[in-house]
Amino acid sequence: MSNNAPASFTPPSLLLCTIGLSLATFMQVLDTTIANVALPTIAGNLGVSSEQSTWVITSFAVSNAIALPLTGWLSRRFGEVKLFLWATILFVMASFLCGISTSMPELVGFRVLQGVVAGPLYPMTQTLLIAVYPPAKRGMALALLAMVTVVAPIAGPILGGWITDSYSWPWIFFINVPIGLFAAFVVRMQMAARPVTTSRQPMDYIGLISLILGVGALQIVLDKGNDLDWFESNFIIIGSVISAIFLAVFVIWEMTDKHPIVNLRLFAYRNFRFGTITLVGGYSAFFGINLLLPQWLQTQMGYTATYAGLAVAPIGVLPVLMSPFVGKYATRFDLRVLAGLAFLGLGMSCFMRAGFNTDVDFEHVALVQLFMGAGLALFFMPTLTILLSDLPPSQIADGSGLATFLRNLGGSFAASLTTWIWSRQAIQHHAYLSESITTYDPATRDALTTMGGASQSAYARLESIISSQAYMMSTVDYFYMLGWVFMALIAIVWMAKPPFAAKAGPAAGGGH
């Protein structure tokens, strides 16, 4: 591997370069959530069931999860800027193809392609931002990227709903075309003079095949587990066995191969190890909140999709306002303190939600979301800086791709477990609450009397009340659990050791 590249490179306009890089990531992160609200419309237009339409989400998630860990190998082989540009352009082409799809198999196939080429975008954006910013301002770069990471998933469902209602579902994909082309053009112009150093490593075919089969099967199991009642389904059992076997082969092979396609040895670095654990744990819990809260508001509190989105949206306000200050001043503090404060804020917001009841109003839900935003603003930048801080410059792309892959996988686990735990706890609470509901119970008789007597409609109304309270109790249980998860992460982040400066040595000069 050659390290002859100069130690630093500054684009003609740092602002334009940052906008170009950030837009590509915004487009890609937005695409992970924008299609969710359009699924019923897509299913109706393409003549498939709602269950079949979920493959639009699953196919993207599976292919994206497989592609993410390959980022480091691809960047060494082709160069960081070239990989970013090709990934962006191919993402634009795949998005256009998704928009003109006329059948579900076509759409799913193009979503697979979209997920594959989207894989390198976030890690490459992170790597290139660290590379082009001077050491004193790298925190600012990571804070801006963190802001994009927070705002895009919130904007996705709102924007997706508006586009689907106002125009038609293909436009949720067509919107990527001008954004992606502009981003690619700007980055190409700004990075044209950046020196490139590449290295030809042999392809690790065993690692690649075991990664595709292991991660692909795991992602499908996680996405389909709730729909198929988990291990009651032979499909889930077979998928789990395939995933376990090939992931075991993958880990053993990658730890012993001379040229692994995914460098698992990075976990030998203390800060990368504990930084990644806190990133995955924090993001998974945050993902669980983002999933459960709108679902509870819509199914149990009678909110429309738009109102649920608006109730959740204030979480993005403080990260947008605070990110410039976090980026500018964070390096003056011990980043473990900032990350600890982030987890404290996120945990406290969960405990606040654990105090909700079925009478909670829109304003109260939105204010807790606003408060949570303060914790979120302090979460991404310190955590990302810590996990990349002790990696050699030539391993930044590997580390970023691996950490992002594990973060997304954590989100998939959180998505499956959140729905499963919430439903399971609600069933248990319903059983406990129903135990004393008999015509011999005075309180039950009084309740039925106030509803007009022991009629069919009164019993149905009583059942509805019990069900609503059961889900409320389950929601409270889940937020208590997430609150303690965040508190545990405070202890884990303190296992990292300073200094925490994000490095960019020879890699900054032009790839590896």
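What counts and how
Residues numbered from 1 in each chain as written. Predicted model: local features only at pLDDT ≥ 70, side-chain atom pairs only at ≥ 80, totals over all residues. Heavy atoms only, no water. Helix = DSSP H or I, 4+ residues; strand = E, 2+ residues; numbered from the N terminus. Rg over C-alpha atoms; globule rule 2.2 N^0.38 Å. Buried < 20%, exposed > 50% of the residue type's maximum accessible area, 1.4 Å probe, protein only. Contact = heavy atoms within 4.5 Å. Areas by Shrake-Rupley, 256 points an atom, 1.4 Å probe, with all protein chains shown as cover. Lys, Arg positive; Asp, Glu negative; His and termini not counted. Charge placed at Lys NZ, Arg CZ, Asp CG, Glu CD. Expected span 1.5 Å × (residues − 1). Salt bridge = Lys/Arg side-chain N within 4 Å of Asp/Glu carboxyl O. Axes fitted to C-alpha atoms, helices over the stretch in contact; angles between N-to-C directions. Parallel < 35°, antiparallel > 145°, perpendicular 65-115°, else oblique. Left-handed = near helix turned anticlockwise from the far one by under 90°. Nonpolar A, V, L, I, M, F, W, Y, C, P; charged D, E, K, R; others polar. Patch = residues over 30% accessible without salt bridge, like charges linked within 9 Å, V, L, I, M, F, W, Y side chains within 5 Å. pLDDT = per-residue confidence, 0-100. Core = buried A, V, L, I, M, F, W, Y, C linked by side-chain atoms within 4.5 Å. Phe/Tyr/Trp six-rings, centres within 6.5 Å; stacked < 30°, edge-to-face > 60°. Lys NZ or Arg CZ within 6 Å of the ring centre and 35° of its normal.

A.B. asks: Tell me about the overall build of the chain, and please be specific about residues and values.
C.D. replies: Assigned secondary structure in the chain consists of 23 helices and 0 strands. Over its C-alpha atoms the chain spans a radius of gyration of 24 Å, differing by no more than 12% from the 24 Å that the globule rule assigns to 512 residues. Projected onto the principal axes, the alpha-carbon positions of the chain cover approximately 85 × 50 × 45 Å. Taken over 512 residues, the chain has a buried fraction of 53%. Considering only residue pairs separated by 6 or more positions, the chain has 85% of its internal contacts joining residues 24 or more positions apart. Accessible area of the chain: about 21,300 Å², with a carbon and sulfur share of 68%. Positive and negative side-chain charges of the chain, numbering 24 and 23 respectively, have mean locations separated by a distance of 19 Å.

A.B. asks: Report on helix 8 (residues 121-132), specifying residues and quantitative values.
C.D. replies: In this model helix 8 runs 16 Å from its N-terminal to its C-terminal C-alpha over 12 residues, within 8% of the 16 Å that 1.5 Å per residue would give. The element helix 8 is extensively covered by neighbouring structure, given that 12 of its 12 residues are classed as buried. Along helix 8, the residues classified as buried are Leu121, Tyr122, Pro123, Met124, Thr125, Gln126, Thr127, Leu128, Leu129, Ile130, Ala131 and Val132.

A.B. asks: How would you sum up the pattern of salt bridges? Please name residues and give values.
C.D. replies: Under the defined criterion, the tally for this structure stands at 3 salt bridges. When the shortest N-O distance is used, the salt bridge between aspartate 398 and arginine 76 registers 2.4 Å. One end of the pair, aspartate 398, is in helix 20 (residues 396-434); the other, arginine 76, is in helix 5 (residues 71-78), and 322 residues separate them in sequence. Here aspartate 398 falls in the buried class, since its relative accessible area comes to 6%. Of the charged contacts, one joins arginine 336 and aspartate 334 as a salt bridge, the two residues approaching to 2.8 Å between their closest N and O atoms. In this structure arginine 336 comes out as buried when scored by relative accessible area, which is 9%. Residue classification places aspartate 334 among the partly exposed positions, given a relative accessible area of 27%.

A.B. asks: Provide a residue-level description of the packing of helix 14 (residues 270-299) against helix 17 (residues 335-353), including the pertinent values.
C.D. replies: It is the contact of helix 14 with helix 17, at a shortest axis distance of 12 Å, that shows an interaxial angle of 30°. In terms of orientation, helix 14 and helix 17 fall into the roughly parallel class. As helix 14 runs across helix 17, the sense of the crossing is left-handed. Counting all contacts with helix 14, which are made through Thr278, Gly282, Ile289 and Leu293, the residues of helix 17 involved are Phe343, Cys350 and Arg353. Residue composition of the contact of helix 14 with helix 17, by class: 4 nonpolar, 2 polar and 1 charged.

A.B. asks: Go over a nonpolar patch on the surface, please, and point to the residues and values.
C.D. replies: The grouping of Ile206, Phe231, Ile237, Val241, Ile245, Val249 and Trp253 at the surface amounts to a nonpolar patch, some 600 Å² of accessible area in total. At 5 residues, helix 13 (residues 234-256) tops the list of elements feeding residues into the nonpolar patch. Relative to the helices and strands, phenylalanine 231 resides in the loop between helix 12 (205-224) and helix 13. By relative accessible area, phenylalanine 231 is classed as exposed at 51%.

A.B. asks: Describe the confidence of the model for the chain, listing the residues and the values that go with them.
C.D. replies: For the chain, the average pLDDT comes to 83, and 92% of its residues sit at 70 or higher. Averaged over each element, pLDDT in the chain is lowest for helix 23 (residues 506-510) (35) and highest for helix 17 (94). Note on residues 505-512: pLDDT under 50 across the span, and 38 contacts to partners over four residues away in sequence or across chains.

A.B. asks: Let's hear about the nonpolar core: which residues, and what values?
C.D. replies: Of all hydrophobic cores here, the largest spans 111 residues; its most connected members are Phe84, Trp296 and Leu297. It is helix 14 that provides the largest number of residues to this core, a total of 10 residues. Among the nonpolar cores identified, the runner-up in size contains 18 residues, and Ile42, Val56, Ile163 and Ile172 belong to it.

A.B. asks: Quick rundown of the packing of aromatic side chains? Include the residues and the values.
C.D. replies: Within a pair of aromatic rings, the relevant descriptors are the distance that separates the centres and the angle that separates the planes. In total, this model carries 16 aromatic pairs according to the counting rule given. Seen in terms of ring centroids, tryptophan 171 and phenylalanine 174 are 5.3 Å apart; in terms of plane orientation they differ by 85°. Their pairing is edge-to-face. Linking tryptophan 171 with phenylalanine 174, this pair stays in helix 10 (residues 171-174), spanning 3 residues, or about one helical turn. Taken together, the aromatic side chains of Tyr283, Phe286, Phe287, Phe343, Phe379, Phe380 and Phe486 make up a single cluster linked through ring pairs. The residue whose ring lies beneath arginine 77 is phenylalanine 78, and the NZ or CZ to ring-centre distance is 5.0 Å. Above the ring of tyrosine 283, the side-chain terminus of arginine 407 is found at 4.7 Å from the ring centroid.

A.B. asks: Tell me about the packing of helix 17 against helix 18 (residues 362-377), and please be specific about residues and values.
C.D. replies: Here helix 17 crosses helix 18 at 160°, and the two axes come no closer than 7 Å. Considering their axes alone, helix 17 and helix 18 lie roughly antiparallel with respect to each other. Both helix 17 and helix 18 take part in a crossing whose hand is left-handed. Residues Ala342, Gly345, Leu346, Met348, Ser349, Met352 and Arg353 of helix 17 touch helix 18, and the partners they reach there are Val368, Gln369, Phe371, Met372, Gly375 and Leu376. In the contact of helix 17 with helix 18, the residues fall into 8 nonpolar, 4 polar and 1 charged.

A.B. asks: Mind laying out the environment of alanine 397, listing which residues take part and the relevant values?
C.D. replies: Along the chain, alanine 397 falls in helix 20. For the pair alanine 397 and proline 123, spaced 274 residues apart in the sequence, the C-alpha separation amounts to 6.3 Å.

A.B. asks: Tell me about the environment of glycine 214, residues and numbers included.
C.D. replies: Position of glycine 214 among the secondary structure elements: in helix 12. As for glycine 214 and glutamine 369, which are separated by 155 residues in sequence, their C-alpha atoms are 36 Å apart. The contacts of glycine 214, once residues within four sequence positions are left out, are Ser243, Phe246 and Leu247.

A.B. asks: Can you lay out the environment of threonine 299 for me, pointing to particular residues and giving the numbers?
C.D. replies: Counting through the fold element by element, threonine 299 comes out in helix 14. Sequence spacing of threonine 299 and serine 468 is 169 residues, and the spatial spacing of their C-alpha atoms is 9.3 Å.

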